[in-house]
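Residue-level structural notes
Each chain, letter by letter, is given below.
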Amino acid sequence: MRLRCTIALAGLALAGATLGAQQPGARPAATPRKGLPAFEDSLVMPAGRPITFGRVYRQVASNHPVARQGRLIEEGADGDLTMAWGNFEPKFSAAFDTKRFGTTPGTGDQLYFAYTDVAVKIPTPFGADFKMGYERASGQFINPQLRTPSNGLFYAGFTLPIGQRIITDERRNALRVARALREVAAAERQAIVNKLLFAAAKSYATWYESALRLAVQREGVRLAEVRYRALVGRVKAGDAAGIDSIEADAERNRRLAALVGAEQEYFAAARDLESYLWTARGEPEDLPLDAVPSDSGFTREVLDSAAVPQLLARALRLHPDVRKADGKTLQAEADRLLAVQAIIPLVGAELAALTPGGGNIQWGPSLQREANYKASLFAETPLLFFKERGKFRSADAKFDRARLDQSIARRDVQLLFRTAVNDLSQFEKQLDLQSRAVELFGILSVGERARFDLGESTLFLVNARERALLDEQAKLVQLRAKYFSARAALAVAAGLPGTLSQVP
């Protein structure tokens with residue numbers, strides 16, 4: 001799997017930035033107050049085959065078509081980079097040119113000229129080009145400039161820019177731009193996969209929440225069923241008024257209706273999560289019929305405030321939006337440097353040592369004035385530089401825009417990170433408070449049922465206490481899911497690699 005963890009996000013667990021852990025919503029055992037009953041929250045996940053988020057995370061990151069599309073973006077950029085390197089590839093060339101023509105009828109054709117040039121050219125990353133080859137010319141009408149000894153001529157030399165293109169040129173600029181765009185493509189791929197995994201994490205959190213809501217509603221129906229049967233027996237025995245059985249039946253039907261709604265939400269949440277599941281062969285995959293969410297990966301992890309600055313620094317360095325802005329700035333900078341070079345006159349020198357075929361090239365003697373060599377110097381420059389100045393102004397403005405976009409991206413990431421840290425901290429506080437609220441409402445509900453059994457309370461108050469408890473349990477379940485999503489949001493903001501993929 002080529003997917004790198006810099007591309008992959010919703011790991012949600014802040015590795016190295018946490019202290020201790022406890023189960024979501026878990027709280028210390030309540031110390032019963034004197035004279036009050038103890039309450040133990042028995043809310044558990046429905047029975048079934050647990051599907052951990054770690055498994056979902058790995059499957060989405062590896063097999064989802066969007067993740068594969070992200071990999072193709074980076075592979076395309078790799079191809080562009082390889083193509084840019086092609087400008088520095090050594091090249092072999094060969095040219096053969098000959099002419100024969102009969103000038104007098106019956107005398108056969110005559111060799112006008114024959115010319116052969118075979119060479120190897122080696123470009124370099126610092127602007128110079130090395131070239132070596134062999135040429136041979138013969139015939140009566142050969143161009144005097146091309147004339148060689150009868151056994152040909154070996155040559156070896158180089159071409160060197162002196163003015164324009166000495167710092168950079170089109171091919172070196174193409175390589176810099178390809179490298180910058182590859183960084184942009186890698187960041188784009190990471191952003192795509194991060195967005196996908198964040199959506200999958202939220203979908204899993206919704207499935208988790210709907211499963212626990214279903215458990216809450218089933219517990220409420222169970223309590224209503226038990227109470228209804230008990231009251232029917234008491235009414236038959238003459239120990240309770242008939243109206244109490246009607247109220248118990250009404251409450252039971254109310255909770256049954258809520259249970260049907262919870263089952264509907266759970267089914268819809270499971271189908272939404274299925275939309276993220278694909279096999280390694282690229283085929284959609286369904287959840288098992290008995291699949292249920294798992295608490296694994298939902299542990300509460302207290303964020304170490306001392307590690308927040310380090311996480312922020314990492315986000316400002318590795319966040320996909322920052323990396324994309326940095327890559328585009330490097331591209332604009334390379335284009336700007338090339339435009340600056342265009343204002344300098346184009347001057348180049350070419351020098352090659354020559355030796356007849358069969359001999360060895362000796363650079364020292366060959367480059368002396370009286371020895372065998374070939375040299376040239378060329379210069380070219382516009383007089384007013386209209387085109388060059390206009391190109392520079394355009395490239396300079398593009399570079400300034402890229403720098404501003406870079407500053408905006410860094411600022412946005414910084415604000416997003418701080419907001420995510422604050423949200424996570426607030427959800428931690430709310431979870432503690434809501435857990436305590438469930439505990440207190442549980443004590444009230446247990447106590448009210450005890451009073452009702454002793455004939456000191458009414459069924460209306462018992463139902464009211466239970467409804468309040470069920471509502472508080474539903475709020476706690478919702479907060480657990482929101483806390484999980486907040487951890488995902490912090491992972492997005494920090495650009496952290498996911499670690500929940502390590503959860504079994």
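1. Some details on the overall build of the protein
Scanning the protein from N- to C-terminus turns up nine helices and 10 strands. Expressed as a percentage of its 504 residues, the buried residues of the protein come to 42%. Approximately 27200 Å² of the protein is accessible, and the part contributed by carbon and sulfur atoms is 57%.

2. Describing helix α9 (residues 459–494)
Relative to the 52 Å expected for 36 residues at 1.5 Å per residue, α9 spans 52 Å between its end C-alpha atoms, a close match to the ideal helical length. After α9 finishes, the residue G495 shows a positive phi value of roughly 65 degrees.

3. Considering unusual backbone geometry
Even without a glycine there, the phi angle at R165 is positive, about 75 degrees. With respect to the helices and strands, R165 occurs in the loop between β6 (153–161) and α3 (170–237). On the basis of relative accessible area, R165 is assigned to the partly exposed category, the value being 31%. Phi is positive for F385, which is not a glycine, with a value near 60 degrees. Structurally, the position occupied by F385 is in the loop between β10 (373–380) and α8 (386–453).

4. Quick notes on the side chain of Q59
Considering the arrangement of structural elements, one finds Q59 in helix α1 (residues 53–63). Relative accessible area serves as the criterion here: at 12%, Q59 is assigned to the buried category. Look past the residues within four positions of Q59 in its chain and what remains in contact with it is H64, L277, W278 and E285.

5. Here we look at the packing of aromatic side chains
Following the criterion strictly, the structure yields 11 aromatic pairs and no others. Measuring from centroid to centroid gives 4.7 Å for Y112 and F141, while their planes differ by 45 degrees, and the two rings are tilted. Residue Y112 is found in strand β4 (residues 110–123), and its partner F141 is found in the loop between β5 (129–138) and β6; the two are separated by 29 residues along the sequence. Relative to Y266, the ring of W207 lies with its centre 6.3 Å away and its plane at 20 degrees, an arrangement referred to as stacked.

6. A look at the confidence of the model for the protein
Residue-level pLDDT values for the protein average 82, and 85% of them are 70 or greater. The least confident element of the protein, judged by mean pLDDT, is strand β1 (residues 18–22) at 31; the most confident is helix α4 (residues 242–274) at 92. This model gives residues 1–32 a pLDDT under 50, and the stretch forms 100 contacts once residues within four places in sequence are excluded. The model gives residues 498–504 a pLDDT under 50, and that stretch makes 24 contacts with residues more than four places away or in other chains.

7. Regarding the sheet that holds β4
The six strands lie next to each other as β3-β4-β5-β6-β9-β10, forming an open sheet whose pairing is antiparallel. If you trace the sheet from one side to the other, it starts and ends with β3 (91–101) and β10, each paired once. Mean inter-strand twist for the sheet, computed between neighbouring axes without regard to direction, equals 15 degrees. Pairing of β3 with β4, which is carried by 11 bridges, proceeds in the antiparallel orientation. For F92, the partnering residue across the bridge sits in β4 and is V120.

8. Focus on the nonpolar core
If you look at the biggest cluster of nonpolar residues, it comprises 40 residues, and the most contacted ones within it are V56, V60, W207 and L287. Contributing elements (two or more residues each) for this core: α1, α3, α4, β7 (291–293) and α9. By residue number, the principal contributor to this core is α3, which donates 15 residues. Ignoring anything within four residues of it in the chain, the contact list for W207 reads I51, Y266, A269, A270, L273, L287, A291, V292 and P293. L316, V413, A420 and L479 belong to the second-largest nonpolar core, a separate cluster that totals 22 residues.

9. What about α3?
Since one α-helical turn is 3.6 residues long, residues separated by three or four positions face the same way. Here α3 contains 68 residues, and its C-alpha end-to-end distance of 99 Å stays within 8% of the 100 Å for a straight helix at 1.5 Å per residue. Downstream of α3 by one or two residues, G238 has phi in the positive range, about 80 degrees.

10. Here's the deal with the pattern of salt bridges
This model, assessed by the stated rule, comprises 30 salt bridges. The partner of E466 in a salt bridge is R449, and the shortest N-O contact between them spans 3.2 Å. Here E466, found in helix α9, pairs with R449, found in helix α8; they are 17 residues apart in sequence, far enough to count as distant. When its relative accessible area of 2% is taken as the criterion, E466 is described as buried. Assessed through its relative accessible area of 25%, R449 is described here as partly exposed. Within the structure, one salt-bridge network assembled from shared partners comprises R227, E251, R254, R255, R449, E466 and R467.

11. Side note on the packing of α4 against α9
Put simply, α4 and α9 touch, their axes get as near as 10 Å, and they point 15 degrees apart. By the criterion of interaxial angle, the relationship of α4 to α9 is roughly parallel. For α4 against α9, the interelement crossing comes out right-handed. Two secondary-structure elements touch here, α4 through D244, E247, A248, E251, R254 and R255 and α9 through L459, F460, N463, E466, R467 and L470. The residue inventory of the contact of α4 with α9, partitioned by class, reads four nonpolar, one polar and seven charged.

12. Examining the packing of helix α5 (residues 308–318) against helix α6 (residues 320–341)
At a closest axis distance of 5 Å, the pairing of α5 and α6 adopts a crossing angle of 45 degrees. What the angle tells us is that α5 and α6 run oblique. Counting all contacts with α5, which are made through A315, L316, R317 and L318, the residues of α6 involved are P320, V322 and R323. Within the contact of α5 with α6, the residues separate by chemical class into five nonpolar, no polar and two charged.

13. Brief notes about the pairing of β10
On any regular strand, side chains alternate: one points to one face of the sheet, the next to the other face. Counting buried residues in β10 gives zero out of eight residues, a small share hidden from the surface. As judged from the eight bridges shared by strand β9 (residues 346–356) and β10, these two strands associate in the antiparallel manner. Each bridged residue has a counterpart across the sheet, and for E350 the counterpart in β10 is S376.

Calculation notes
Residues numbered from 1 in each chain as written. Predicted model: local features only at pLDDT ≥ 70, side-chain atom pairs only at ≥ 80, totals over all residues. Heavy atoms only, no water. Helix = DSSP H or I, 4+ residues; strand = E, 2+ residues; numbered from the N terminus. Buried < 20%, exposed > 50% of the residue type's maximum accessible area, 1.4 Å probe, protein only. Areas by Shrake-Rupley, 256 points an atom, 1.4 Å probe, with all protein chains shown as cover. Expected span 1.5 Å × (residues − 1). Contact = heavy atoms within 4.5 Å. Phe/Tyr/Trp six-rings, centres within 6.5 Å; stacked < 30°, edge-to-face > 60°. pLDDT = per-residue confidence, 0-100. Pairing = 2+ DSSP bridges. Axes fitted to C-alpha atoms, helices over the stretch in contact; angles between N-to-C directions. Core = buried A, V, L, I, M, F, W, Y, C linked by side-chain atoms within 4.5 Å. Salt bridge = Lys/Arg side-chain N within 4 Å of Asp/Glu carboxyl O. Parallel < 35°, antiparallel > 145°, perpendicular 65-115°, else oblique. Left-handed = near helix turned anticlockwise from the far one by under 90°. Nonpolar A, V, L, I, M, F, W, Y, C, P; charged D, E, K, R; others polar.

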